[in-house]
Amino acid sequence: MSRSLDNAITELIESYQQLNPSTVDELYDEPTALEFMRYVARNQPFVIRKGAAKWEACLKWSAQYLLGVMGNQRVNVAMTPFGNADSPLETEEHGLIFVKPYEREMPFDWVLKEVHTQEADHHRPSVVCYAQTQNDNLRNEYETLFNDVPSSIDFARVALQQDPEAINFWLGNSLSTTALHRDPYENIYVQVLGQKHFVLLPPVEVSCVNEQVLPAATYIQEQQDRFVDMFRPQVDQPPVSVPFATWDPDTPDRRPTIFSHLSRPYRVTLESGDMLYLPALWYHKVKQSCDEDGICVAVNYWYDMEFTGPFQPMTSFVRIVGMMSCAKG
Ligand SMILES: O=C(O)CCC(=O)C(=O)O
């Protein structure tokens, strides 16, 4: 029985790969709402090369412009020792945990300088900063920059019949990596400065990512003198458990499942002005490279995914069956 369950999961992954393109579709014009809806219905990503190149943000933003507009307004910044916010972490004390960043409000000019200086410095800093609150920050703490981007993506607004649930601003450098995870949103991601390097896995590859239920922890600032910030993870109290992918397609021999070798990750790099449609529930890991100012800036639009219809329950079924199969293996 369990052999045939493994075979069924293998067949699911392989038939998906046979029936679908092996690379992310590249478009050079915005799709119509109907064309976009066909991608949503197939749950298939695409990138529009230079799709946002004429946005005010892509024409005007630079370190100097951001500094001029934002000045010393206070913004939230995530701080971690290795640029590893919201990621699995091996610890001696607690084994594998899910660690969240230390978060702090700082003046924007301080954050910008810190991100830039860390990028320029050849020695690894003791703390890596990433402005990455995913809480609609572009319509809140970064509101003064909001005029430079559209308030919605037209083809998505018409097709999905809704406004974005959140519009987020991201400012970081090459020291930060976003760990493999998935979100219940249709995501339109626009690169403004620098590059983002996405690794994408479709939802059917859930059995490859070795999702485990991990104790949640948060970095705390242990000791600070004039020069050094020290961070260590502290397990959350009361205890909270978080299901999270623990396999990384870039280090495939660490923590694989019996299905990980079947995974065929899609890789796509976004240059300034490029727009990615990242469909709901796709696993994504994101690395970044900086522009000549030593910063990497992006904006993304999250639209609620559709929970009615078969997609969500069937994806959830595949996830549960995959976890059962991996657990007994
Ligand atoms: O840009 C990043 O670092 C992560 C982006 C991401 O996870 C998202 O847009 O959902």
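Further up the page is the structure itself.
Owing to the predicted nature of the structure, the values given are computational and were not obtained by experimental measurement.

Basis of the calculations
- Per chain, residues are indexed from 1 in the order of the written sequence.
- Where totals are concerned, whole chains, interfaces and linings use all residues; where local detail is concerned, this predicted model gives features only for residues with pLDDT of at least 70, and gives and counts side-chain atom pairs only at 80 or more.
- To get the side-chain values, all heavy atoms of the structure are used, and hydrogens and water are removed first.
- Only strands joined by at least two bridges in the DSSP assignment are considered to pair.
- The helix count covers DSSP runs of H or I at least four residues long, the strand count covers runs of E at least two residues long, and both are numbered beginning at the N terminus.
- In this analysis, axes come from line fits to C-alpha atoms, helices being fitted only over the stretch in contact, and the angle between any two N-to-C directions falls in the range 0 to 180 degrees.
- Residue contacts follow a heavy-atom distance rule, with two residues in contact if any of their heavy atoms lie within 4.5 Å.
- Working definition: with a 1.4 Å probe on protein chains only, accessible area under 20% of the residue-type maximum means buried, over 50% means exposed, and in between means partly exposed.
- As used here, the arc is the angular range of directions from the helix axis to the C-beta atoms.
- One less than the number of residues in a helix, times 1.5 Å, gives the span that helix is expected to have.
- The nearness test applies per residue and asks whether one of its heavy atoms lies within 4 Å of the molecule or strand.
- Polar contacts, as counted here, are pairs of nitrogen or oxygen atoms within 3.5 Å of one another; within protein the pair requires one atom able to donate a hydrogen and one able to accept it, and residues that are adjacent in sequence qualify only if both atoms are side-chain atoms.
- For accessible areas, the Shrake-Rupley method is used with a probe of radius 1.4 Å. Any residue's cover is judged against the shown protein chains and nothing else.
- Under the scheme applied, nonpolar residues are Ala, Val, Leu, Ile, Met, Phe, Trp, Tyr, Cys and Pro; charged residues are Asp, Glu, Lys and Arg; polar residues are all the others, including Gly.
- We call Phe, Tyr and Trp rings a pair once their centres come within 6.5 Å, taking the six-membered ring for Trp, and we label the pair stacked below 30 degrees between planes, edge-to-face above 60, and tilted otherwise.
- Any Lys NZ or Arg CZ found within 6 Å of a ring centre and within 35 degrees of that ring's normal is scored as a charge over the ring.
- Side-chain atoms within 4.5 Å link the members of a nonpolar core, which is a set of buried Ala, Val, Leu, Ile, Met, Phe, Trp, Tyr and Cys residues.
- Any angle between 65 and 115 degrees counts as roughly perpendicular, while under 35 counts as roughly parallel, over 145 as roughly antiparallel, and the rest as oblique.
- Handedness of a crossing follows from how the near helix is turned relative to the far one, being left-handed for an anticlockwise turn of less than a right angle and right-handed for a clockwise one.

**Overview of the sheet that holds strand E7 (residues 128-130)**
The three strands are arranged E6-E3-E7 in an open sheet whose pairing can be described as antiparallel. Of all the strands in the sheet, the pair left with one neighbour each is strand E6 (102-107) and E7. Shown here is a sheet whose adjacent strand axes are inclined to one another by a mean of 40°, direction ignored. The pairing of strand E3 (residues 74-80) with E6 spans six bridges and is classified as antiparallel. Its bridge partner lying in E6, Ala78 is registered against Glu103. Sitting on the sheet, helix H5 (residues 108-120) touches E3, E6 and E7, and the angle it makes with E6 is about 115°.

**Some points on helix H4 (residues 63-70)**
Those residues of H4 not exposed but buried are Ala63, Leu66 and Met70. Taken around the axis of H4, the buried residues stretch over an arc of 65°, which confines them to a single face. For H4, the exposed residues set more than 90 degrees away from the buried face come down to Gln64 and Gly68. Elements that come into contact with the buried residues of H4 comprise E3, H5, strand E8 (166-172) and strand E18 (296-304).

**Notes on H5**
Residues that lie three or four places apart on an α-helix share one face, since the helix turns once every 3.6 residues. Compared with the 18 Å implied by 1.5 Å per residue over 13 residues, the 18 Å span of H5 between its first and last C-alpha is a close match. Looking at H5, one finds that the buried residues are Phe108, Val111, Leu112, Val115 and Gln118. Angularly, the buried residues of H5 cover 140° about the axis, an arc narrow enough to put them on a single face. Projecting away from the buried face of H5 at angles above 90 degrees are the exposed residues Lys113 and Ala120.

**Some details on the site of the ligand**
Close contacts around the ligand come from Tyr130, Trp170, Thr178, His181, Asp183, Asn187, Tyr189, Lys196, His284, Val286, Asn300 and Trp302, and that covers them all. Within the contact set of the ligand, an oxygen atom lies 2.9 Å away from a side-chain nitrogen or oxygen of Asn187. The contact in question runs from an oxygen atom of the ligand to an N or O atom on the side chain of His284, over 3.1 Å. Compared with its free state, where it exposes 300 Å², the ligand has 100% of that area covered by protein. Secondary structure elements with two or more residues in the shell around the ligand: strand E9 (178-181), strand E10 (185-193), strand E17 (283-289) and E18. When its residues are assigned to classes, the shell around the ligand shows five nonpolar, five polar and two charged.

**Regarding the packing of aromatic side chains**
Scanning all chains against the criterion turns up 17 aromatic pairs. Each ring, one from Phe98 and one from Phe244, has its centre 4.7 Å from the other, and the planes form 45°; the classification is tilted. Separated by 146 residues along the polypeptide, Phe98 in strand E5 (residues 95-100) and Phe244 in strand E14 (residues 241-245) bring together distant segments of the chain. For the pair Phe98 and Phe244, one class covers both residues: buried. For the ring pair Trp170 and Tyr189, a centre distance of 6.2 Å and an interplane angle of 45° mean the geometry is tilted. You can see Trp170 sitting in strand E8 and its partner Tyr189 sitting in strand E10, a full 19 residues away along the chain. By the burial criterion, Trp170 is buried, and Tyr189 matches it. Between Arg42 and the ring centre of Tyr39, over which it is positioned, the NZ or CZ distance is 4.8 Å.

**A few points about the nonpolar core**
Membership of the largest hydrophobic core comes to 56 residues, with the highest contact counts inside it found for Phe36, Trp61 and Leu171. Not counting residues up to four positions away in its chain, the partners in contact with Trp61 are Glu56, Leu66, Leu145, Asp148, Val149, Phe169, Val192, Leu193, Val297 and Val299.

**Side note on the sheet that holds strand E11 (residues 195-201)**
Strand pairing in a sheet relies on backbone hydrogen bonds. The paired strands run either parallel or antiparallel. In space, the four strands of this open sheet follow the order E9-E17-E11-E15, with antiparallel pairing throughout. Looking at the sheet topology across the chains shown, the edges are occupied by E9 and strand E15 (266-270). Going across the sheet, the axis of each strand differs from the next one's by a mean of 20°, ignoring polarity. Examined bridge by bridge, E11 and E15 share five bridges and lie antiparallel to one another.

**So, the side chain of Thr133**
Along the polypeptide, Thr133 turns up in the loop between E7 and helix H6 (154-160). Classification of Thr133 as buried rests on a relative accessible area of 12%.

**Regarding the packing of H4 against H5**
At their nearest, the axes of H4 and H5 sit 9 Å apart, and the two run at 160° to each other. Overall, the two elements H4 and H5 adopt an arrangement that is roughly antiparallel. Along this stretch, H4 crosses H5, giving a crossing that reads as right-handed. Taken together, the residues of H5 that come into contact with H4 (itself represented by Ala63, Leu66, Leu67 and Met70) are Phe108, Asp109 and Leu112. Classifying every residue of the contact of H4 with H5 gives six nonpolar, no polar and one charged.

**Re unusual backbone geometry**
Most peptide bonds take the trans configuration, and most residues that are not glycine carry a negative phi. For the bond running from Gln237 to Pro238, omega is -5°, close enough to zero to count as cis. Relative to the elements of secondary structure, Pro238 occurs in the loop between strand E13 (229-235) and E14. In this model, Asp86 sits at a positive phi of 50°, which is unusual for a non-glycine residue. Topologically, Asp86 is positioned in the loop between E3 and strand E4 (87-91). Positive phi is not limited to glycine here, since Arg255 has a value of about 55°. You can see Arg255 is positioned in the loop between E14 and E15.

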